[in-house]
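# Coordinate inspection notes
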Amino acid sequence: MCICIHNRIARAIMLGLIAASLLMSAACGRSDAPPAAPIRIGAYYWPGFYWVDIAHQQGWFREVGLNVEWVDTNADYFASFNDFYAGKFDVVAFT
Amino acid sequence: MAFLASDYTTGAEALIARPGITQVRELAGKKLGLSKGTYLEYIWTTVAQRAGLKAGAVQIVDTPAEKAHALLAQKSVDAILTWEPFATQALTLVNGVRLFDTAQTPGLAWAVYAVQPKFLEQRADDVQALARVWLRTTRFIQQSPEAAYAIVAQVNKKSVDEVRVLTTQDRVLDLRDNLTAFSFAAGLDSLHGSTRQMNDFMVERNIVPTRVDTARLFEARFVRTLQANDTPP
């Protein structure tokens, strides 16, 4: 009887430890650090700017720890300059 | 503050007129649709001067570059100055005439990536990381253009052909080009040289009051760090 109870307690502790370690590894898999501060970037359909679309789609910004907010400016490219001056973007392409 | 040069156009901006107009100087007394106060107006001023047109000889109608072709189609203007793919759309819509394009003036229209000065100050490592991603992606496009264009086509809801054609009128820059672009050379292959020429032009014509100090516009350290740490694949 006694052994049986001990076994149960031991099993519970064991399961608890496994669950905790799984949770920890899951958390580590997501990120080592709190989410990076966002970077708002203007995107536009243009050869010199293709790289932003591609890197965003491929997850290459995330790979280096950048939290890029991809913002479509295709409706009016020059309007994104004014938005930049107004502080609504961190990075835009200027022509 | 600019930290990366992306491209300069080699024919992507075009002056498209309605049928019947065959030369730039025939635009005297007519209406031209373009986005005022932008580099398109600078291109127009250059073109007008070459054609012997006086400032003010043509009435400028302010329009976003993305909507200029619609103005021409509605006959609200006689000509437009815009970039691709809108220039070719205009040409097709009105069976128009291509009077000029920037293939005649390579190096005139640069695009650079600019970052907020405060952001640059506080998050220089993130700016460097952005530059690293730019380099990786630029090399991917050079090495696997079709795969790259397929992604761009999907994101922008275009055909791969359209995405590819657009690249024929624009020179996308690599790391080597950027090192030249951020040098203090006087020619149009340097941002400093190109900006000084545009600025001189504008000061001479009283479009802007003063000369700019180009050293305050361009920050070379990010492309130089890319070069210093580069191990080409």
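What you see is a predicted model; the values in this text were computed from it and never measured.

Rules behind the numbers
- Residues numbered from 1 in each chain as written.
- Chains lettered and ligands numbered in written order.
- Predicted model: local features only at pLDDT ≥ 70, side-chain atom pairs only at ≥ 80, totals over all residues.
- Core = buried A, V, L, I, M, F, W, Y, C linked by C-beta atoms within 7 Å.
- Buried ≥ 20, exposed ≤ 12 C-beta atoms within 10 Å, placed from the backbone.
- Helix = DSSP H or I, 4+ residues; strand = E, 2+ residues; numbered from the N terminus.
- Contact = placed C-beta atoms within 7 Å.
- Pairing = 2+ DSSP bridges.
- Axes fitted to C-alpha atoms, helices over the stretch in contact; angles between N-to-C directions.
- pLDDT = per-residue confidence, 0-100.
- Expected span 1.5 Å × (residues − 1).

## Remarks on the nonpolar core
By size, the foremost hydrophobic cluster in this structure holds 83 residues, and its most contacted members are B:Ile80 and B:Val112. No other element matches the 7 residues that helix H5 (residues 124-143) of chain B contributes to this core. Every residue in contact with B:Val112, bar those within four places of it in the chain, is listed here: A:Ala93, A:Phe94, B:Ala2, B:Leu4, B:Ala5, B:Ser6 and B:Leu191.

## Some details on the interface of chain B and chain A
Each partner contributes to the interface: chain B provides 38 residues, whereas chain A provides 27 residues. For the side of chain B that touches chain A, the elements supplying multiple residues, two or more each, are strand E1 (2-9), strand E7 (110-115), H5, helix H6 (145-156) and strand E8 (170-172) of chain B. At 11 residues, the largest contribution of residues to the side of chain B that touches chain A is made by H5(B). Direction of pairing for strand E3 (residues 91-94) of chain A relative to E7(B): antiparallel, over a ladder of 4 bridges. Counterpart to A:Ala93 in the pairing with E7(B) is B:Tyr113.

## Quick word on the sheet that holds strand E3 (residues 31-34) of chain B
Residue and element names in this part refer to chain B. In space, the 5 strands of this open sheet follow the order E4-E3-E5-E2-E6, with mixed pairing throughout. The open sheet has two free edges, formed respectively by strand E4 (59-62) and strand E6 (97-101), since each of these has just one partner strand. Mean inter-strand twist for the sheet, computed between neighbouring axes without regard to direction, equals 25°. Packed onto the sheet, helix H1 (residues 39-50) meets strand E2 (13-17), E3, strand E5 (79-83) and E6 and runs at close to 145° relative to E3.

## What about the confidence of the model for chain B?
Per-residue confidence for chain B gives a mean pLDDT of 93; residues scoring 70 or more make up 99%. Model confidence for the complex: the whole-complex pTM is 0.84, and ipTM, which rates the interface, is 0.91.

## Concerning H1(B)
Residues and elements named next belong to chain B. Compared with an ideal rise of 1.5 Å per residue, which puts 12 residues at 16 Å, H1 spans 17 Å between its outermost C-alpha atoms and is within 8% of the ideal. The elements touched by buried residues of H1 are E2, E3, E5 and E6. Of the residues trailing H1, glycine 52 is marked for its positive phi of about 80°.

## A word on the confidence of the model for chain A
Residue and element names in this part refer to chain A. Taken residue by residue, chain A gives an average pLDDT of 80. The fraction at 70 or more is 64%. Note that residues 1-5 has pLDDT below 50 and, in this model, 0 contacts with residues that lie over four places away or in other chains. Predicted confidence for residues 23-31 stays below pLDDT 50, and this span has 0 contacts to residues more than four positions away or in other chains.

## Concerning unusual backbone geometry
Residue and element names in this part refer to chain B. Put simply, glutamate 84 and proline 85 share a cis peptide bond, and its omega is 5°. Within the secondary structure, proline 85 sits in the loop between E5 and helix H3 (86-94). Unlike most non-glycine residues, lysine 75 shows phi in positive territory, near 65°. Along the chain, lysine 75 falls in the loop between helix H2 (68-73) and E5. With a phi angle near 55°, asparagine 95 is a residue other than glycine that sits in the positive phi range. Among the structural elements, asparagine 95 can be located in the loop between H3 and E6.

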